[in-house]
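# What the coordinates show
In case you want the letters, here they are:
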Number of protein chains: 2
Amino acid sequence: MTNESIQPAPAFLSAIQSLFGKRARLDAADLLVYGYDNSRRETTPHAVCFAQNHSEVRALVQLCAEYEVPLTTRGLGSGTTGAAVPINGGVVLSTERFAGLVKVDPENRLAIVEPGITNAVLQEALAKHGFFWPPDPTSAAYSTVGGNLACNAAGPRAIKYGTPRDNTLGLIAVTGEGKTIKTGVCTSKGVVGYDLTRLLVGSEGTLAIITQATLRIVPLPESSRLLRAVYGSLQGATSAVANIMAQPETPSALEFMDPVAVSLVRDYAEAGLPDRAAAVLLIEVDGNKSGIEQAVKCITAAAANEDLVEIRAAENEVETAALWTCRKSLSPALRKIAPKKINEDVVVPVTRLTELVSGLQELSAQYGVQIVSFGHAGNGNLHVNLLGNPSAQGELQRMETCLQELFSLVLGLDGTLSGEHGIGLEKRQYVSMEIEPNAMQLMQQIKLQFDPKNILNPGKLFPDP
Amino acid sequence: MTNESIQPAPAFLSAIQSLFGKRARLDAADLLVYGYDNSRRETTPHAVCFAQNHSEVRALVQLCAEYEVPLTTRGLGSGTTGAAVPINGGVVLSTERFAGLVKVDPENRLAIVEPGITNAVLQEALAKHGFFWPPDPTSAAYSTVGGNLACNAAGPRAIKYGTPRDNTLGLIAVTGEGKTIKTGVCTSKGVVGYDLTRLLVGSEGTLAIITQATLRIVPLPESSRLLRAVYGSLQGATSAVANIMAQPETPSALEFMDPVAVSLVRDYAEAGLPDRAAAVLLIEVDGNKSGIEQAVKCITAAAANEDLVEIRAAENEVETAALWTCRKSLSPALRKIAPKKINEDVVVPVTRLTELVSGLQELSAQYGVQIVSFGHAGNGNLHVNLLGNPSAQGELQRMETCLQELFSLVLGLDGTLSGEHGIGLEKRQYVSMEIEPNAMQLMQQIKLQFDPKNILNPGKLFPDP
């Protein structure tokens with residue numbers, strides 16, 4: 001991608017250098033590294049700054065506002081939509097050195113963090129107190145909490161424990177005018193004024209830059225069990241999902257794999273999947289030790305249908321870990337089987353999953369594009385991957401048309417375009433398919449209130465004008 | 001309260017009469033009934049309309065916008081903050097005839113409702129499918145879901161299952177410009193655009209009028225047990241709350257009663273409370289049958305301290321129901337023991353509850369005002385009631401000063417002014433104690449985007465300019 005953005009004034013660049021010293025970088029080598037994310041798009045910013053605290057963020061935003069320089073905030077760049085790619089140049093603010101764990105408070109069930117802390121470091125600290133923060137994206141080891149909040153990134157556990165939006169109590173942030181705002185509360189209830197907290201979560205750094213978050217934390221369950229249910233057909237698996245969700249034992253994860261995903265899993269020596277396996281569900285239940293067998297029993301009953309080939313519980317921690325590794329390695333593994341991967345995260349009501357996977361099969365046949373889907377079926381949230389070879393004649397175009405059809409299919413099933421990746425650059429041209437003009441207009445007006453000069457992550461989330 | 005509002009133009013009144021026919025009321029007797037809520041404030045609107053569907057609401061808002069007539073939406077008037085009192089006159093829109101249950105969909109764990117349905121009618125319909133909607137305000141029998149959403153009204157179950165904000169997936173609403181907006185999704189995940197859904201929940205009818213809500217519903221637990229823990233001191237009870245919240249078994253309710261509340265409960269013949277009872281916790285746990293005894297055991301262990309006099313589980317459903325009746329009758333019972341009741345719903349972190357109740361004792365002594373507190377201790381959310389006789393010399397003034405001190409106390413303990421009642425009229429002069437100017441300004445700017453002519457519930461939620 002060519003960066004056609006305007007070079008910031010020398011006075012601006014001097015100002016950020018006096019503000020950040022060596023933590024402001026202007027040289028080409030450094031800039032290159034901070035110009036891309038996991039969308040594989042890239043462009044080059046004019047400067048990268050490593051803020052270490054709230055005042056530095058505020059001072060930087062004020063400078064950017066004064067000089068009207070675009071400011072793109074990033075965690076560690078694991079996002080898949082290009083939300084952290086500085087398409088308009090300007091400054092990239094990296095939060096990687098603003099990564100403190102301010103407080104863990106188990107009795108009040110909260111943790112206070114700075115934005116750059118990784119999800120995994122936070123979880124490790126919380127586990128010592130017997131707690132966790134529900135969002136568990138596959139990228140947990142190398143994605144930041146700030147990034148998780150910006151994209152509302154969830155993961156398997158969201159089915160029982162919710163997304164970042166459901167697990168954030170309050171925020172401190174800096175608006176596009178360089179003003180500090182404090183949103184929300186540090187308690188589990190609060191209804192004073194409008195809910196700015198949840199407005200900021202999922203806003204991809206377009207409204208304000210989060211400098212501190214008060215997170216809702218949850219006690220680790222005493223025990224958990226992982227079941228693997230193997231189905232002879234895709235539809236057997238998807239219809240079981242709806243059945244499982246209609247009964248009282250809410251799984252703590254309910255993951256789906258389609259035939260291609262199953263074949264990737266087969267390559268793991270230990271998988272031991274029956275030959276007839278066309279689709280697999282991984283189902284986790286958790287809770288206290290006394291109740292867990294009953295939960296397993298209820299889930300097993302709900303998962304049964306005429307297409308069920310086999311259902312069994314992992315027998316020990318090693319087997320459990322192996323199953324999760326299979327599941328979590330699917331996304332990176334796909335990179336290896338095709339040069340080009342369009343990785344979506346569409347959501348449909350769980351009763352429509354069967355129609356979704358049938359529709360995907362038809363689209364795949366119609367456009368000659370290989371489609372692999374797997375993911376958080378209990379939320380109706382599938383990672384639908386379109387695989388192809390961009391050097392093959394017309395393949396990219398076919399993939400794009402197929403994608404557009406996929407989105408129409410999803411919306412026709414009362415679904416949504418994104419469950420946890422967000423919009424960024426990748427999906428902005430499709431947003432208007434889902435959000436109607438009145439709501440869109442309000443969102444854009446809200447953006448202007450927070451960021452009147454449109455300096456915060458410009459060109460993201462909204463459709464091209 | 002005198003209504004100094006402007007009489008709407010005759011053309012406006014004719015227009016709403018042709019729109020609503022007999023469902024528009026202009027006569028004094030009818031207007032009187034729709035001029036108050038449970039805050040006991042009252043004023044008289046110029047008209048009351050009973051809309052039955054979305055188009056009627058939209059047409060009414062468009063008329064009000066055209067003629068700049070204030071529009072106050074109400075459910076059944078059980079709110080305690082005056083949010084439904086039409087202080088600027090104009091039109092009251094009652095949702096009581098717009099009360100359909102559009103859909104119950106257990107597999108997708110959602111229900112779609114119109115705003116005027118009562119919480120109780122909804123729960124009854126959901127229970128037939130083995131589900132419930134988490135919010136359970138004491139007013140459930142006579143409060144509407146629309147009102148619950150407008151105020152983010154919760155109740156005891158919020159400790160485990162969350163508030164309306166946590167249990168709403170999407171909305172259809174009409175903005176102050178008379179435009180229809182569709183917010184959110186009908187799935188448990190979704191991150192396309194800004195979260196307008198949670199912005200509307202808790203906004204007290206000041207941003208848009210909700211005409212349809214897609215609610216997240218939850219399976220009814222298989223079993224539950226209610227424990228009553230009696231403490232010899234206030235502090236014994238409040239410190240037990242923090243202990244209970246620090247262990248893994250999250251109660252489905254954790255309710256507190258202070259000594260005055262305990263003495264009111266004593267009047268119930270069946271209460272059988274030990275003489276030394278100074279404070280009581282009601283603790284409910286729920287889950288599957290196999291796990292429930294373990295949950296009871298963990299809670300019992302966490303509740304124990306040197307001030308614990310007695311803890312026991314209700315032995316049967318009759319006893320359970322009796323205990324809940326005691327708890328839920330406290331709020332109305334207080335009306336009987338004092339002519340004037342200021343009923344607050346402050347929240348503090350659970351570790352600060354002990355300081356809160358000590359502070360309340362000091363304030364009570366200092367101002368000579370009787371203070372009774374009880375409520376949702378697991379959320380740190382206490383209903384603090386200031387009781388007095390307004391005809392006694394200087395008593396009202398003392399109560400007001402005491403209230404101001406109470407709010408300072410709460411904010412000093414990192415708390416919030418309201419957990420579930422909202423602001424309405426009653427607390428608007430105190431909002432600035434909690435919300436700082438930058439956030440307040442953004443909220444007011446957001447209000448203007450939704451409602452540029454300020455016709456939707458004007459004079460509520462925000463402080464007086």
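Here is a short report on the structure shown in this document.

Reading the values: the criteria
- Residues numbered from 1 in each chain as written.
- Chains lettered and ligands numbered in written order.
- Predicted model: local features only at pLDDT ≥ 70, side-chain atom pairs only at ≥ 80, totals over all residues.
- Heavy atoms only, no water.
- Helix = DSSP H or I, 4+ residues; strand = E, 2+ residues; numbered from the N terminus.
- Expected span 1.5 Å × (residues − 1).
- Buried < 20%, exposed > 50% of the residue type's maximum accessible area, 1.4 Å probe, protein only.
- Arc of directions from axis to C-beta.
- Lys, Arg positive; Asp, Glu negative; His and termini not counted.
- Salt bridge = Lys/Arg side-chain N within 4 Å of Asp/Glu carboxyl O.
- Contact = heavy atoms within 4.5 Å.
- Pairing = 2+ DSSP bridges.
- Axes fitted to C-alpha atoms, helices over the stretch in contact; angles between N-to-C directions.
- Patch = residues over 30% accessible without salt bridge, like charges linked within 9 Å, V, L, I, M, F, W, Y side chains within 5 Å.
- Areas by Shrake-Rupley, 256 points an atom, 1.4 Å probe, with all protein chains shown as cover.
- Core = buried A, V, L, I, M, F, W, Y, C linked by side-chain atoms within 4.5 Å.
- Least-squares fit on C-alpha atoms with pLDDT ≥ 70 in both.

### A few points about helix α13 (residues 395–412) of chain B
An α-helix turns once every 3.6 residues. As a result, residues three or four positions apart point the same way. Residues and elements named next belong to chain B. Its 18 residues place the ends of α13 25 Å apart at the C-alpha level, agreeing with the 26 Å of an ideal helix rising 1.5 Å per residue. All of the buried residues along α13 are E395, M399, C402, L403, L406, F407 and V410. The arc that holds every buried residue of α13, seen down its axis, measures 145°, which confines them to one face. More than 90 degrees from the buried face of α13, the exposed residues found are Q397 and G412.

### Quick notes on the side chain of R109 of chain B
Turning to its location among the elements, R109 of chain B is positioned in the loop between β5 (101–105) and β6 (110–113). Despite its burial, R109 of chain B pairs with no opposite charge; the closest candidate is E249 of chain A, at 8.6 Å N-O. Residues in contact with R109 of chain B, not counting those within four places in the same chain, are I244, M245, Q247 and T250 of chain A together with F131, L215, R216, I217 and P219 of chain B.

### Observations concerning the sheet that holds strand β1 (residues 24–25) of chain A
All names here are of chain A. Across the sheet, 4 strands lie side by side as β1-β2-β4-β3; this open sheet has mixed pairing. The open sheet has two edge strands with one neighbour each: β1 and β3 (71–74). Bridging between β1 and strand β2 (residues 47–50) involves 2 bridges; their strand directions are antiparallel. When the sheet's bridge partners are listed, A24 is paired in β2 with C49. Sheet strands touched by helix α1 (residues 10–20): β1, β2 and β4 (91–94). Its angle to β2, the strand with the most contacts, is close to 20°. The strands that helix α3 (residues 54–67) touches are β2, β3 and β4; relative to β4, the one it contacts most, it runs at about 170°.

### Overview of a nonpolar patch on the surface
Among the surface-exposed residues, L32, V33 and Y36 of chain A lie close enough to one another that they form a single nonpolar patch of about 280 Å² accessible area. With respect to the helices, strands and loops of the structure, Y36 of chain A is situated in the loop between α2 (28–33) and β2.

### Considerations on the nonpolar core
With 169 residues, the main nonpolar core has L281 of chain A together with L281 of chain B as its most contacted residues. Beyond its immediate stretch of four places on either side in the chain, L281 of chain A contacts L227, R228, A229, Y231, A237, A240, V241, I244, L254, E255 and F256 of chain A. Counting residues in each nonpolar core, the second largest holds 24 residues, with C49, L60, V69 and L93 of chain A among its members.

### A few points about the relation of the copies chain A and chain B
When chain A is fitted to chain B, the best match, at an RMSD of 0.0 Å, comes from turning it 180° and sliding it 0.0 Å along the axis. Put plainly, the chains are arranged around a two-fold axis. Across chain A, the smallest distance between a C-alpha and the rotation axis is recorded for G291 of chain A, namely 1.9 Å. Of all interface residues in chain A, 100% are interface residues in chain B too; the two copies therefore contact each other through one and the same surface.

### Looking at the pattern of salt bridges
Close approach of charged atoms allows side chains of opposite charge to pair. Scanning the entire structure with this criterion turns up 43 salt bridges over all chains. We note a salt bridge from D286 of chain B to K160 of chain B, for which the minimum N-O separation is 2.6 Å. Of this pair, D286 of chain B sits in strand β14 (residues 279–287) while K160 of chain B sits in helix α6 (residues 158–161), and the two are 126 residues apart along the sequence. Judged by relative accessible area, which is 30%, K160 of chain B ranks as partly exposed. As a salt-bridge pair, K179 of chain B and E177 of chain B come within 3.7 Å of each other at their nearest N and O atoms. Owing to a relative accessible area of 26%, K179 of chain B belongs among the partly exposed residues under this scheme. One network of salt bridges, with partners in common, ties together R228, E310, R312 and E319 of chain A.

### What about the pairing of strand β18 (residues 381–388) of chain A?
Residue and element names in this part refer to chain A. Of all 8 residues that make up β18, 8 are buried, and the element is covered over most of its length. Judged by which residues are buried, β18 turns out to be covered on both faces: N381, H383, N385 and L387 on one side and L382, V384, L386 and G388 on the other are all buried. In this sheet, β18 lies alongside strand β16 (residues 340–347) in antiparallel orientation, the contact comprising 8 bridges. Its bridge partner being in β18, V347 is matched across the sheet by N381. Sheet analysis places strand β17 (residues 370–376) next to β18, joined by 7 bridges and oriented antiparallel. The residue of β18 that forms the bridge with V372 is N385. What sits between β17 and β18 in their antiparallel hairpin is a turn of 4 residues, with G380 showing a positive phi close to 70°.

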